[in-house]
Amino acid sequence: MDFAQYKDTFTDKSHKIGYSLPNIQRCLDYAEVLFSHEVPIIYNPTHLSLLVGYKKEYLKKAAVYPRYFYRDFEIAKKNGTKRLISEPLPSLKEIQIWILKNILNKVPISPFAKAYKTNVSLIENLKFHKNQPKVFTLDLENFFQSITIKLVEKEFHQLGYSKMVSRLLSKLCTRDKTLPQGAPTSPYLSNLIFKDADAQIATYCKLHKIRYTRYADDMSFSGDFDENKLLHKIIEIVEKLNLRINKNKTKLMTSNTRQTVTGIVVNEKPQVVFHKRNDLRQAMYYIKKFGFEEHREYKEINQKNYLEHLLGKINFVLQINPKDIEFLEYKSILKDLKKKQDLKAMEDELLPI
């Protein structure tokens, strides 16, 4: 349906229920802006509740009392500290997924942002930095938690949504007035909110012949440049969004050292760092020599999904280097083991009690 058809249908129905001409025109002016951005037309909270399939009262409760609509847990980070994950309860998650698919995904993000994009793999973030004189990486500190509800509301308002609808949408996507780590809307919102900063950084980098990409909170720069001048410029840009650079994670790597971007070596060709590949080699050596269960028992590995865990790590290596013969062999071995495990589990279920 194009806007002309929408206009005719809306006008006809509005006349029948007694809307005045000024009110009809006001609604159409509002709808036309949203239509131009190819996002759903949402007039008020009641309208939103009909679109997402939940009562207006539920939306209001989730917006006003968000702490009751999340499950908190911690996961270990690489440096040994803990990361707090706030996972929305199933109903709120369903609403957030609707917002993501029907609104947020319709808005383009910066081409320099490489994370949280459909059909874009990690390799997209690496290929620009291969075989460069310098690789300079920066980390945005507390990225999601530093993005405020005001910035989120602004994104919805810029699409043409009313203040009332923008406020409700932003509250449904935030917790404690920031982006929760664990909500399906948070990653894409972070990309949208950082879009202008990406553009400013890219303009500076193009002027100075610097390659730039950003993978979530990891910013990567490569080429031949003055890293101190670059750092000063980046700090100046990100501080406008109330963001800070984590100085402990700032890293300069020259061509005679191992250069990594998001944990992947990029000196000559993208490759998972040696110690991670070596750990996998060692595990596969013992599995091939002694057997999978014997290896688990000897190493005292109690992880129930250890086989899937190993397979996931090997798939990651192959995502970076799809033609790696060694790891293709490991994948084949583990897939055979997985088939045998699944078959045994099926047979156990069919055994008489």
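Keep in mind it's a predicted model, so treat the numbers as computed, not measured.

Quick look at the overall build of the protein chain now. Each helix and strand in the protein chain was counted, giving 15 helices and 10 strands. In terms of its C-alpha atoms, the protein chain occupies a principal-axis envelope of roughly 80 × 70 × 35 Å. The 353 residues of the protein chain split such that 42% are buried. Nonlocal contacts in the protein chain, meaning residues at least 24 apart in sequence, comprise 66% of its contacts between residues at least 6 apart. Accessible surface, the protein chain: about 20700 Å² in total, of which carbon and sulfur atoms supply 53%. Distance from the positive charge centre (59 side chains) to the negative charge centre (41 side chains) of the protein chain: 3 Å.

A word on the packing of aromatic side chains. Taken as a whole, this structure holds 18 aromatic pairs when the rule is applied. Taking 6.3 Å as the distance between ring centres and 40° as the angle between the ring planes, the aromatic pair formed by Tyr6 and Phe35 counts as tilted. With Tyr6 in helix α1 (residues 3-16) and Phe35 in helix α2 (residues 21-36), this pair connects stretches of sequence that are 29 residues apart. Over the face of the ring belonging to Phe225 we find Lys134, whose NZ or CZ atom lies 5.8 Å from the ring centre.

Glancing now at the domain arrangement of the protein chain. Partitioning the protein chain into structural domains gives domain 1 (1-37), domain 2 (70-265) and domain 3 (273-341). Here the C-alpha centre of domain 3 lies 59 Å away from the C-alpha centre of domain 1.

A few words on the side chain of Thr213. Looking at the secondary structure, you find Thr213 in strand β4 (residues 211-215). In terms of polar contacts, Thr213 uses its side chain to reach the side chain of His129, at 2.8 Å.

On to the pairing of strand β3 (residues 134-141), then. Summarising burial for β3: seven of the eight residues are buried, a large majority. Pairing geometry for β3 and strand β5 (residues 218-223), over six bridges, is antiparallel. Counted as the bridge partner of Leu138 is Met219 from β5. By the bridge criterion, four bridges tie β3 to strand β7 (residues 251-254) in an arrangement that is antiparallel. When the bridges of β7 are listed, Phe136 appears paired with Leu252. With two bridges joining them, β3 and strand β6 (residues 244-245) adopt antiparallel strand pairing. Its bridge partner lying in β6, Glu141 is registered against Arg244.

This next bit is on the pattern of salt bridges. Scanning all chains against the criterion turns up 14 salt bridges. Between Glu141 and Arg244 there is a salt bridge whose closest N-O contact spans 3.3 Å. Residue Glu141 is found in strand β3, and its partner Arg244 is found in strand β6; the two are separated by 103 residues along the sequence. In this structure, Asp198 engages Arg214 in a salt bridge whose closest nitrogen and oxygen atoms are separated by 2.8 Å. Of this pair, Asp198 sits in helix α10 (residues 195-207) while Arg214 sits in strand β4, placing them 16 residues apart in sequence. The burial state of Asp198 is the same as that of Arg214; both residues are buried.

Moving on, we come to helix α9 (residues 186-193). By the criterion of burial, α9 is predominantly enclosed, with eight of the eight residues buried. The set of residues buried in α9 consists of Ser186, Pro187, Tyr188, Leu189, Ser190, Asn191, Leu192 and Ile193. Looking at the packing, one finds that the buried side of α9 touches α5 (90-102), α7 (149-158), α10 and β4.

It is worth spelling out the pairing of β4 at this point. Where β4 meets β5, five bridges bridge the pair, whose relative direction is antiparallel. Within β5, the residue paired with Tyr212 across the bridge is Phe221. Two successive antiparallel strands, β4 and β5, enclose a turn made up of two residues, where Ala216 displays a positive phi of approximately 60°.

Membership of the largest hydrophobic core comes to 68 residues, with the highest contact counts inside it found for Ile99, Ile103, Tyr161, Phe194, Met219 and Phe221. The biggest single contributor to this core is α2, with six residues. Looking at which domains feed residues into this core, each of domain 1 (1-37) and domain 2 (70-265) gives three or more. Apart from residues lying up to four places away in sequence, Phe194 is in contact with Leu140, Phe143, Ile201, Tyr212, Arg214, Met219, Val238, Leu241 and Leu243.

Before going further, it helps to spend a moment on the sheet that holds strand β8 (residues 260-261). What the three strands build is an open sheet, ordered β8-β9-β10; its pairing is antiparallel. Because the sheet does not close on itself, it has two edges, and the strands there are β8 and β10 (271-272). As paired elements, β8 and strand β9 (residues 264-265) share two bridges and run antiparallel to each other. Within β9, the residue paired with Thr260 across the bridge is Val265.

Calculation criteria
Residues numbered from 1 in each chain as written. Predicted model: local features only at pLDDT ≥ 70, side-chain atom pairs only at ≥ 80, totals over all residues. Heavy atoms only, no water. Helix = DSSP H or I, 4+ residues; strand = E, 2+ residues; numbered from the N terminus. Buried < 20%, exposed > 50% of the residue type's maximum accessible area, 1.4 Å probe, protein only. Contact = heavy atoms within 4.5 Å. Areas by Shrake-Rupley, 256 points an atom, 1.4 Å probe, with all protein chains shown as cover. Lys, Arg positive; Asp, Glu negative; His and termini not counted. Charge placed at Lys NZ, Arg CZ, Asp CG, Glu CD. Phe/Tyr/Trp six-rings, centres within 6.5 Å; stacked < 30°, edge-to-face > 60°. Lys NZ or Arg CZ within 6 Å of the ring centre and 35° of its normal. Domains from an automatic or database assignment. Polar contact = N/O pair within 3.5 Å; in protein donor to acceptor, adjacent residues only side chain to side chain. Pairing = 2+ DSSP bridges. Salt bridge = Lys/Arg side-chain N within 4 Å of Asp/Glu carboxyl O. Core = buried A, V, L, I, M, F, W, Y, C linked by side-chain atoms within 4.5 Å.

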